[in-house]
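Structural overview for review
What follows is each chain in one-letter form.
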Amino acid sequence: PRLLSVLVLPATLLLATLAGCMSNPSDVESVTFTATDHAFTGPDTITADSIEMKFVNNGMEAHHLAWARLDDGHTMAEFMTFLGEGGEDAPWVHWSGGAGPFMPGMEGKTRLDLEPGRYVMVCFVPGMDGMPHFMAGMSKEVMVEGAQGDAPEEPEWDVELRESNFAFTFDEAP
């Protein structure tokens, strides 16, 4: 999990940063997930292909939220066992974005484009004991049913992101 958290934390922070740089089409569902020590609250089912996710940290520790879609036939219990045994990659796990990390009392928004299916949200931030929060039960299962009708338009970006040699640079979009 250590390698995975090193990769997932910067990626989710990057997503949260870029979220403020895009427009919010009216056909994107807004949902809120709240972190406490050590749980997530929010809807159990989402009926949208794209969501604007507000993430609120009401805990006393830093938290983030990473989304993983599980292939049909796989369960949250199987996924949690996989992570607990140090699993980092499996063909039936599809990392799908996230938000944070956020310090206590902070919040942020990001947009996620989600395929219909079973998702598990987890927090990889380590606690004072060095163990990632998901090992203390910080996880939640969410079903995404998919929207009916046309897919939402892509957001308009007003920044350009470049990655080179483990560094990111931001420029205004052309």
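Everything in this summary refers to the structure shown in the same document. Throughout, a residue's number is its position along its own chain's written sequence, starting from 1. With pLDDT at 70 or above as the cut-off, local features in this predicted model cover only qualifying residues; side-chain atom pairs require 80 or more to be listed or tallied, and sums for whole chains, interfaces and linings still use all residues. Only hydrogens and water are set aside; all other atoms, that is, all heavy atoms of the structure, feed into the side-chain values.

1. A word on the overall build of the protein chain
Stated formally: Counting from the N terminus, the helices are the DSSP runs of H or I reaching at least four residues and the strands are the DSSP runs of E reaching at least two. Buried means the residue's accessible area, taken with a 1.4 Å probe over protein chains only, is under 20% of the maximum for its type, while exposed means over 50%, and partly exposed covers the values in between. Two residues qualify as a contact provided that any one of their heavy atoms is within 4.5 Å of a heavy atom in the partner residue. Only the protein chains shown count as covering a residue, and every accessible area follows the Shrake-Rupley method with a 1.4 Å probe.
Helix and strand counts for the protein chain stand at two helices and eleven strands. Scanning the protein chain from its N terminus toward the C terminus, one meets helices and strands in the order α-β-β-β-β-β-α-β-β-β-β-β-β. By the burial criterion, 44% of the 174 residues in the protein chain qualify as buried. Counting only contacts in the protein chain whose residues sit at least 6 apart along the sequence, the fraction spanning at least 24 positions is 68%. For the protein chain, the exposed surface amounts to about 9300 Å²; the carbon and sulfur share of it is 54%.

2. Describing the pairing of strand S9 (residues 139-144)
Note the cut-off: Should DSSP find at least two bridges between two strands, the strands are taken to pair.
Pairing of strand S3 (residues 45-46) with S9, which is carried by two bridges, proceeds in the parallel orientation. What sits directly across from threonine 45, in S9, is methionine 143. Pairing of strand S8 (residues 117-122) with S9, which is carried by six bridges, proceeds in the antiparallel orientation. Note that in S9 the partner of tyrosine 119 across the bridge is valine 142.

3. Describing the sheet that holds strand S4 (residues 50-57)
Our working definition: Here the axes come from fitting lines to C-alpha atoms, over the contacting stretch only for helices, and the angles between their N-to-C directions go from 0 to 180 degrees.
Strand order in the open sheet made by the four strands is S2-S1-S4-S7, with mixed pairing throughout. This sheet does not close on itself; its edge strands, each paired only once, are strand S2 (39-41) and strand S7 (107-113). Direction aside, the axes of adjacent strands within the sheet are offset by 25° on average. Strand direction decides the pairing type here: S4 and S7, joined by seven bridges, are antiparallel. Residue pairing in the sheet places serine 50 in a bridge with aspartate 113 of S7.

4. Describing the pairing of strand S1 (residues 29-36)
With seven bridges connecting them, S1 and S4 associate as parallel partners. By the bridge assignment for S4, valine 31 is matched with methionine 53. Judged from the three bridges that link them, S1 and S2 form a sheet pairing that is antiparallel. Paired with threonine 36 across the two strands is alanine 39, which belongs to S2.

5. Some details on the pattern of salt bridges
Quick note on the threshold: Salt bridge, as applied in this entry: a Lys or Arg side-chain nitrogen positioned within 4 Å of an Asp or Glu carboxyl oxygen.
In the structure shown here, the tally under the stated rule is seven salt bridges. We note a salt bridge from lysine 109 to glutamate 52, for which the minimum N-O separation is 3.7 Å. Linking lysine 109 in strand S7 with glutamate 52 in strand S4, this pair joins segments that are 57 residues apart in sequence. Overall, lysine 109 belongs to the partly exposed group, its relative accessible area being 45%. Notably, a salt bridge pairs glutamate 107 with lysine 54, separated by 3.4 Å at the nearest N-O pair. On the criterion of sequence distance, the pair formed by glutamate 107 in strand S7 and lysine 54 in strand S4 is long-range, its members being 53 residues apart. Lysine 54 gets classed as partly exposed once you look at its relative accessible area, which sits at 26%.

6. Examining the side chain of histidine 74
Here is the rule we go by: A 3.5 Å cut-off defines polar contacts: any pair of N or O atoms within that distance qualifies, except that in protein one atom must be a possible hydrogen donor and the other a possible acceptor, and neighbouring residues in sequence count only when both atoms are side-chain atoms.
With respect to the helices and strands, histidine 74 occurs in the loop between strand S5 (63-70) and helix H2 (76-84). Looking at histidine 74, its side chain comes within polar contact range of the side chain of glutamate 78, at 2.9 Å. Those residues in contact with histidine 74, other than ones at most four positions away along the chain, are Trp92 and Arg118.

7. Some points on the environment of methionine 135
With respect to the helices and strands, methionine 135 occurs in the loop between S8 and S9. In this structure, the C-alpha to C-alpha distance between methionine 135 and leucine 83, residues 52 residues apart in sequence, is 8.7 Å.

8. Comments concerning the sheet that holds S8
The five strands are arranged S3-S9-S8-S5-S6 in an open sheet whose pairing can be described as mixed. Of all the strands in the sheet, just S3 and strand S6 (93-102) have a single pairing partner and so form its edges. The strands touched by H2 are S5, S6, S8 and S9; relative to S8, the strand with the most contacts, the crossing angle is about 40°.

What is shown is where atoms sit, not what they do.
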